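These are the residues of each chain, in order.
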Amino acid sequence: MLIKKSKSLLLALSFLSFGGCIPKTDKIERSDYSTATQMMEEGQYSSAIHIMEGRLKHAPFDQKARLLLAAAYAGRAGVHITDFFDFAQELDKVTKLSQKYGPESSLGVIQNLKSRTQNRDQKNALELLEGIYNALFQLNNFLRAFELVPSLKNAASVQDLNAAIHILDGDSKLTGGSALYRGLLRVVLLKHDTFSANLFKSLGECQINTQAVEQDLRYIQHQTIRILSDLYIGSGSEAKKAQTQKQLNSIDEAFQKALDLTATLTPVNHQIDISQVTHQLGGQCP
Amino acid sequence: MPLASVLMLFILLFFSGPTRADSTQYFKNLFYDGYGLTLEERILGRSCYSLRSSPLGASCNPAHLAKDQKSQLRLNFTADQSIGDVTEMQGHLRDDNPTELIRSLSKNRGVPTSSSFSSSVWYQSEYNWLVSYTPLRGGVASFVRNPTLSEITAHVLTESELSLKGGFYFANEPKLQVGAQLRYVESRYLRHQFLLIDALADPSMLDTRTTKALYIDPGISYSFDNSWGSEVSLVVTNMRAHFSGDEIAHKPSLEVGYASQTQFWDKTFRQSVHITTRPDIYELRDRFRWAGIYEAFSSGAFSASFSGNDYALGFLGRWDSLTYGIGAQSEVLTLDRQALERNSQVIGEIGLTF
């Protein structure tokens with residue numbers, strides 16, 4: 001009787017303690033994540049980076065550690081995911097809009113000039129401009145939403161953001177929210193790079209340098225395709241994936257056409273005069 | 001049945017470790033909050049099961065109805081100052097709009113939120129029963145940590161309830177009162193911990209569930225024959241008799257309390273010491289609660305309670321057919337056994353009584 005009672009009590013105590021039993025390795029992992037998260041909440045991103053770099057060194061396939069490390073770098077660059085919520089929603093809206101409205105209306109002036117021009121060189125230049133505007137219209141959908149994307153403050157932030165993207169690139173099987181996160185980080189970088197690109201500067205003036213334009217077009221095309229690929233991989237629904245794929249093809253096609261046009265032109269000193277277009281659009285040349 | 005087996009059954013039923021299947025096990029669980037029908041019940045918290053209500057209140061322990069000979073018809077609406085946020089979130093949940101729900105949840109960065117509201121109508125009979133209908137009750141408990149990556153822990157609830165409870169006592173043993181409550185509840189809720197980026201990538205990943213359940217809450221109370229009017233009460237809550245829909249992780253909860261009363265400035269003051277086995281509480285000091293009701297006026301009473309890191313104080317009154325209440329509640333929410341910032345609410349109640 002005494003033995004039976006002891007056994008029952010022992011069994012009860014075992015059940016009581018069972019739920020609190022956590023393997024030692026789980027405890028260490030949770031502690032690392034908790035500490036790093038705590039550091040990030042307090043703005044101590046460098047400490048969080050140190051912890052997660054150590055974790056990733058021992059466990060290179062730990063996806064959560066990789067994501068936290070990338071987030072710590074992004075945090076140090078001043079980029080927080082909550083800043084992106086409105087951008088992500090805006091992107092969804094403009095993706096649908098771009099499929100409805102083409103660039104025809106904004107190219108009216110150029111097409112009109114093209115039809116009246118007999119000069120072959122001028123015609124080619126106008127065709128290049130048409131190609132660039134077409135490509136940029138596709139990109140404009142991103143640019144309109146860009147005001148919702150955080151701006152990078154300095155070179156150190158650019159470096160940190162590149163580090164964050166590089167860390168996520170280390171996982172070749174990145175999907176879902178993590179892929180989306182990488183895409184959004186790339187958007188921040190694209191915004192930073194685009195506004196300092198020569199392409200927009202030259203379009204505001206009266207001459208295009210075809211070499212510089214080609215370089216910028218290639219870079220923007222490459223970055224935009226990478227962003228859309230991440231958004232594609234990160235999409236949870238098939239409908240969203242299809243929408244993203246359509247936009248990806250559209251942008252790729254437009255940029256490639258513009259690039260093909262730059263290849264056909266060999267102007268003197270790589271400079272093309274677009275003062276006629278600038279005047280028609282209401283601008284002034286120096 | 002041998003004592004050891006009874007002890008084992010008791011421990012298994014109420015104190016066994018929480019399952020690891022639920023990632024929000026160490027966060028506030030709205031199913032155990034027990035909104036009740038009045039502001040007084042909200043102020044008292046789980047102590048409501050061991051303390052008889054004031055004349056304007058409704059006793060939570062069905063056994064307490066056995067000797068409660070009042071009759072009232074009431075319409076009531078109770079809410080706190082975050083009613084805008086909670087109605088917005090429970091509205092998105094009800095309308096199955098995960099994107100807007102995520103947006104609403106992600107707004108409260110670094111600030112833990114706990115808020116609720118309810119509207120109800122009930123009738124209490126002098127023959128020791130009470131029937132109530134709560135067409136809409138909503139609650140939110142949420143916290144967003146790490147703004148860089150935004151890890152959201154949320155419990156959002158919208159439900160309606162129909163309940164019937166009654167109590168009686170034995171003629172040959174009037175000190176012992178027993179009762180039971182039947183509650184039919186239709187709930188739609190989200191209880192999930194997730195990263196904002198995962199939810200942005202696929203809003204449908206939010207673990208929203210719908211349940212229809214019938215609960216039985218038996219209660220018992222024993223009054224001692226002394227000048228303190230002492231009594232001991234025991235209620236088992238959230239015992240599920242039937243359910244349909246999605247499975248939910250919940251456990252019955254045992255509520256035990258000792259109450260007494262005295263006269264203070266010629267007015268009745270009742271107080272209780274209460275213990276709960278509510279599963280989302282893991283600190284021993286938080287399982288105990290002290291509560292009191294002071295019937296300062298014939299048309300109103302003050303109520304108060306405190307436990308561990310939370311406390312509440314309120315007044316429920318009546319003017320002609322109008323009932324009104326004002327109170328304050330403050331608690332420290334915890335997440336993964338770590339204390340977060342204090343969350344304080346001002347609660348109001350407005351209603352009609354006939």
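Peer 1: How would you summarise the state of the cysteines if you had to cite specific residues and measurements?
Peer 2: Residues and elements named next belong to chain B. Applying the stated rule across the entire model yields 1 disulfide over all chains. Through a disulfide, cysteine 48 is tied to cysteine 60; the S-S separation comes to 1.7 Å. What sets the handedness of the cysteine 48 and cysteine 60 disulfide is the S-S torsion sign, and at about 75 degrees it is right-handed. Residue cysteine 48 is located in the loop between helix H2 (39–44) and strand S1 (72–80), and its partner cysteine 60 is located in the loop between H2 and S1; the two are separated by 12 residues in the primary sequence. Assigned by exposure class, cysteine 48 and cysteine 60 land together as buried.

Peer 1: Tell me what's going on with the packing of helix H3 (residues 83–94) of chain B against helix H4 (residues 98–106) of chain B, and back it up with residues and numbers.
Peer 2: All names here are of chain B. In contact at an axis separation of 8 Å, H3 and H4 are set at 155 degrees when each is read in the N-to-C sense. One finds that H3 runs roughly antiparallel with respect to H4. Considering the relative orientation of H3 and H4, their crossing is left-handed. Mapping the contact onto sequence places Glu88, Met89, His92 and Leu93 in H3 and Glu100, Leu101, Ser104 and Leu105 in H4. Taken together, the residues of the contact of H3 with H4 sort by class into 4 nonpolar, 2 polar and 2 charged.

Peer 1: Describe in detail the pattern of salt bridges, supporting the description with residues and values.
Peer 2: Close approach of charged atoms lets side chains of opposite charge pair. Taken as a whole and judged by the stated rule, the model has 29 salt bridges over all chains. A:Asp230 serves as the salt-bridge partner of A:Arg186, at 2.6 Å between the closest nitrogen and oxygen. Note that A:Arg186 is positioned in helix H9 (residues 176–195) and A:Asp230 in helix H11 (residues 210–234), a separation of 44 residues in sequence. You'll find A:Arg186 and A:Asp230 in the same group, each marked buried. With its nearest N and O atoms 2.8 Å apart, the salt bridge here joins B:Arg278 to B:Asp33. Of the two residues, B:Arg278 is situated in the loop between strand S10 (267–276) and helix H6 (284–287) and B:Asp33 in the loop between helix H1 (3–14) and H2; the sequence distance between them amounts to 245 residues.

Peer 1: Summarise the environment of A:Leu185; cite the residues concerned and give the values.
Peer 2: Within the element layout of this structure, A:Leu185 appears in helix H9. C-alpha of A:Leu185 to C-alpha of A:His80: the two residues are 105 residues apart in sequence and 9.6 Å apart in space.

Peer 1: How would you explain helix H4 (residues 63–76) of chain A if you had to name every residue and give the values?
Peer 2: All names here are of chain A. Its 14 residues place the ends of H4 20 Å apart at the C-alpha level, agreeing with the 20 Å of an ideal helix rising 1.5 Å per residue. Burial analysis of H4 places 11 of its 14 residues in the buried class, the great majority of the element. At the N-terminal end of H4, a side-chain oxygen is found 3.2 Å from the backbone nitrogen of lysine 64, two or three residues along, and the residue is aspartate 62. The positive-phi residue at the C-terminal boundary of H4 is glycine 78, with phi of around 85 degrees.

Peer 1: Explain the nonpolar core residue by residue, including any values.
Peer 2: Counting 84 residues, the largest nonpolar core has A:Leu161, A:Tyr181, A:Leu185, B:Leu105 and B:Val156 as the members making the most contacts within it. Of all the elements, H4(A) adds the most residues to this core, at 9 residues.

Peer 1: Hey, could you go over the pairing of strand S7 (residues 231–237) of chain B for me, with residue numbers and the actual values?
Peer 2: Residue and element names in this part refer to chain B. Taken across its 7 residues, S7 has 5 buried, putting it largely inside the fold. Pairing analysis gives 5 bridges linking strand S6 (residues 208–223) to S7, with the strands arranged antiparallel. Residue pairing in the sheet places tyrosine 222 in a bridge with valine 232 of S7.

Peer 1: Give a detailed account of the confidence of the model for chain A, specifying residues and quantitative values.
Peer 2: Residue and element names in this part refer to chain A. Considering every residue of chain A, the mean pLDDT works out to 74; 67% of them sit at 70 or more. Element-level mean pLDDT values for chain A span from 47 in helix H1 (residues 2–18) up to 94 in helix H3 (residues 45–58). Predicted confidence for residues 11–24 stays below pLDDT 50, and this span has 14 contacts to residues more than four positions away or in other chains. Of the regions scoring below 50 in pLDDT, residues 98–103 engages in 8 contacts with residues more than four places distant in sequence or in other chains.

Peer 1: So, unusual backbone geometry: which residues are in play, and what are the values?
Peer 2: Both trends apply: most residues other than glycine have a negative phi, and most peptide bonds are in trans. The phi dihedral of B:Asp336 falls on the positive side, at around 50 degrees, and the residue is not glycine. Along the chain, the position of B:Asp336 falls in the loop between strand S14 (322–335) and strand S15 (338–353).

Peer 1: Describe the pairing of strand S5 (residues 173–195) of chain B, with residues and values.
Peer 2: All names here are of chain B. Here strand S4 (residues 151–170) runs beside S5; their pairing, made up of 20 bridges, is antiparallel. Pairing of leucine 157 across the sheet is with tyrosine 189, part of S5. As paired elements, S5 and S6 share 15 bridges and run antiparallel to each other. Each residue of the ladder has a partner; that of arginine 183, found in S6, is tyrosine 215.

The rules we used
- Residues numbered from 1 in each chain as written.
- Chains lettered and ligands numbered in written order.
- Predicted model: local features only at pLDDT ≥ 70, side-chain atom pairs only at ≥ 80, totals over all residues.
- Heavy atoms only, no water.
- Disulfide = S-S within 2.5 Å.
- Helix = DSSP H or I, 4+ residues; strand = E, 2+ residues; numbered from the N terminus.
- Buried < 20%, exposed > 50% of the residue type's maximum accessible area, 1.4 Å probe, protein only.
- Axes fitted to C-alpha atoms, helices over the stretch in contact; angles between N-to-C directions.
- Parallel < 35°, antiparallel > 145°, perpendicular 65-115°, else oblique.
- Left-handed = near helix turned anticlockwise from the far one by under 90°.
- Contact = heavy atoms within 4.5 Å.
- Nonpolar A, V, L, I, M, F, W, Y, C, P; charged D, E, K, R; others polar.
- Salt bridge = Lys/Arg side-chain N within 4 Å of Asp/Glu carboxyl O.
- Expected span 1.5 Å × (residues − 1).
- Polar contact = N/O pair within 3.5 Å; in protein donor to acceptor, adjacent residues only side chain to side chain.
- Core = buried A, V, L, I, M, F, W, Y, C linked by side-chain atoms within 4.5 Å.
- Pairing = 2+ DSSP bridges.
- pLDDT = per-residue confidence, 0-100.

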